[in-house]
Every structure is written in structure tokens, then in C-alpha cells.
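Residue-level listing of the chains:
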Amino acid sequence: MSRSKVANLLIVGFDGISNFSLNNYFKNLITSYELGGVILFKRNIENLEQLVELMNWILSTSPNIITSIDQEGGRVARLKGISTDIAPMSFVKTTKEALKVGNILGSELRSLGFNLDFAPVCDIVVNPNNQVIGDRSFSDDANIVSLMVPYIIQGLKENLVASCAKHFPGHGDTAIDSHLDLPLVSTDKEVIFSRELLPFKKAIESGVDTIMTAHLIAKNLDAQWPATMSSIILNDILREKLQFKNIIISDDLEMKAVADNYDLELILQKSLEASVNMFIIAKDEQLIDNALDILERFYNKDAKLRLLIENSIAKVNQLKSHYKFAKKPQVEYAKQVIKNNN
């Protein structure tokens, strides 16, 4: 029972493109546990008809699940070739364009069976060597990013798709890809507060549903722990100073920035204590199993962590309830929505 409950904290990826090609591990995971969510990647998507069939199976098997995807536009677009081709966010120059992008993303994702989009990017690309964020950011100007972000959130919300502001407290002043190594940010604390946090503040004011953490060390905020594991950054700044009450999601736990530098139990404990509510694991079945083992042990053996887990489950269930599907995606309807947007 407790293992099923703590599964609410996980958003997992998987291999396969249909219920016939999915392996038994994932099938068992989604049928046996109250899994928090799934995340689809390009490897799961061949064409519109196949995608709708897969999403229907997922939603039939687990009607309350969060179905998520990275669909920003530009080079981060898992639905390329199926959905409307959206330019990188650096090409969005007006709030009217931003709202249109948000509505296109929201309407098409909802029609295809998704209820959480890992967008908008709130990073300010101030480092010219930053290829990780680059044109995914609206601008190198905090005010422009802050102006655009609320309209993406609004467009998603209008179509019943949850939004995710990323990557807190800002990934724009790095040159290292956290998929490969642990970035160190040396930006002054005052600059972070006046520049990097501004788009996140606007996102929160706009009712953003979730915020994704960055796997980086902002040494002038917390020299010891990456943001994902930092109570200073997440509890003191994001929760207390910025008054964010909704769900905090860790970036993928398979990323080398954390996976190569910290033990999984320590990652989960420090992150929970820092008020992270959900964890992404992109596909590693052993890592998923280990995370479930650890979270179940926390739940059963540690009163403080159990309370944090219970709090997270309540937040997850609230999000699921708000964005639940009344009806499953249909091929012809999805085609019509995409056609109308072009």
C-alpha cells in the first residue's frame, strides 16, 4: 500500500510506442501503482494515430495519471512532424505572439492526451556560451522574459494543460549541460534576485502549476547543495520569499549532474526536505525501483519524511483532479485542432 502511495511522487519515462511494445515492467508499474505521471519522449512517438492509441491505453489503464511532455517549440519539440511547427522562443517578440504560442501548445497537447507541458522556459540566456538554453529562452533581458512567460502559461491554462516554469533558480548563466556534468553558477546573489528570479516571480503571479528545479550549484545562494537538493533555494527562496504553493518537480534524476555526484537516497532525502514534490526518471527501470524502495522506506520509517510525502501526494492529487480528462483523445479531433492552428 505504501509503495503504491509513494509512486505518486514519480513521473517516469519508458520505451515503446504501443501497449503491445511496452515491456512488462512498465505495464506492471502503471497498472499496479498510483503512479504520479508519465513523460513521453520522441522515442515513444511515430505518428499521430499511433500516439493517440498509446495515450488512450495509458489513460484507460490509469485515468488519473499526469501525462507530460517537453513541448516548447524550436529544437525542444517532441511532437515535431505531428503538431504545429513552432519557432524557438527567441523568435517570439510580442505578448500577442506569446499568447498564440501558448494556445497552440495547449490546444494541440490537450487534443493528443497531454495535461502537463514542461514549458515555459524562464531562463535568461545571459551567457553567450550557453548552448543548453540558447534560443529556448525568450531573451537575454529579464524584463522581456518576464513579459512573455505569463502568456504561455495563460494559453496552456485556457486549454486545460498544466504549465511548468523551468529551470529554477535559472539556467541561463551556465555553459555546462547538466545532462553531462554539474554546472557551477557564480552569479552574485543580488543579481540572481533582481534578474534570474524575475520571470519565476511573474510565472507564480500568473498561477503556474509547477516549477522545475535546475541541477546546478548557485554558489552565492548555496555553495554546498545543487538547487534540487537545497532548502535555501527551494524552501527559503521559492516557497517563502516567492510564495510558491504549488508543485516543485525535480529535473530528471538520470542526469549526470546529480546521478554522478550524489547517492540516490541522499538526493531524495535532501530534495524532499527542500520541498520537492515530484521526481522525473526518464527510463532507467533500476533507478525507478530503487527510488520506490527508498521512498517507501522513508514513508514507513521516518515521521518527518512521511509528512512531506503525504503533503506531496495531496498536491499531486489536486493537480490530477484539476486537469483530468473528461474524454479520451480522438484522431479526427486532434487532426482538426492542428489544422485550425495552421
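Cut-offs and rules
Residues numbered from 1 in each chain as written. Predicted model: local features only at pLDDT ≥ 70, side-chain atom pairs only at ≥ 80, totals over all residues. Heavy atoms only, no water. Buried < 20%, exposed > 50% of the residue type's maximum accessible area, 1.4 Å probe, protein only. Helix = DSSP H or I, 4+ residues; strand = E, 2+ residues; numbered from the N terminus. Arc of directions from axis to C-beta. Polar contact = N/O pair within 3.5 Å; in protein donor to acceptor, adjacent residues only side chain to side chain. Pairing = 2+ DSSP bridges. Contact = heavy atoms within 4.5 Å. Axes fitted to C-alpha atoms, helices over the stretch in contact; angles between N-to-C directions.

### Some points on helix H2 (residues 24–32)
And then number 1: Regarding H2, the residues found buried are Phe-26, Leu-29 and Ile-30. Looking straight down H2, one finds its buried side chains confined to an arc of 85 degrees; they lie on one side.
And then number 2: Sitting at the amino-terminal end of H2 is Asn-23, which places a side-chain oxygen 3.2 Å from the backbone nitrogen of Tyr-25.

### Let's talk about the sheet that holds strand E9 (residues 210–213)
And then number 1: In spatial order, the strands read E6-E3-E2-E1-E12-E11-E9-E7; together these eight strands make up an open sheet with parallel pairing. Unpaired on one side and paired on the other, strand E6 (116–117) and strand E7 (164–168) mark the two borders of the sheet.
And then number 2: Note that E9 and strand E11 (residues 247–250) share three bridges and pair parallel. For Met-212, the partnering residue across the bridge sits in E11 and is Ile-249.
And then number 3: The strands that helix H3 (residues 48–61) touches are strand E2 (37–40) and strand E3 (66–69); relative to E2, the one it contacts most, it runs at about 170 degrees.

### Here we look at unusual backbone geometry
And then number 1: For the bond running from Ala-119 to Pro-120, omega is 10 degrees, close enough to zero to count as cis.
And then number 2: Among the secondary structure elements, Pro-120 is positioned in the loop between E6 and helix H5 (142–158).
And then number 3: With an omega of 10 degrees, the peptide bond running from Phe-168 to Pro-169 counts as cis.
And then number 4: With respect to the helices and strands, the residue Pro-169 is situated in the loop between E7 and strand E8 (184–185).
And then number 5: With phi around 60 degrees, Gln-243 is a residue other than glycine that occupies positive phi space.
And then number 6: Position of Gln-243 among the secondary structure elements: in the loop between helix H7 (231–241) and E11.
And then number 7: A residue is classified by how much of its surface remains accessible, and Gln-243, at 42% relative accessible area, is partly exposed.
And then number 8: One non-glycine residue with positive phi stands out, namely Ser-275, at about 85 degrees.
And then number 9: The topology assignment puts Ser-275 in the loop between helix H9 (264–273) and strand E12 (278–281).

Note that every value here comes from positions in space, so none of it alone points to a role or purpose.
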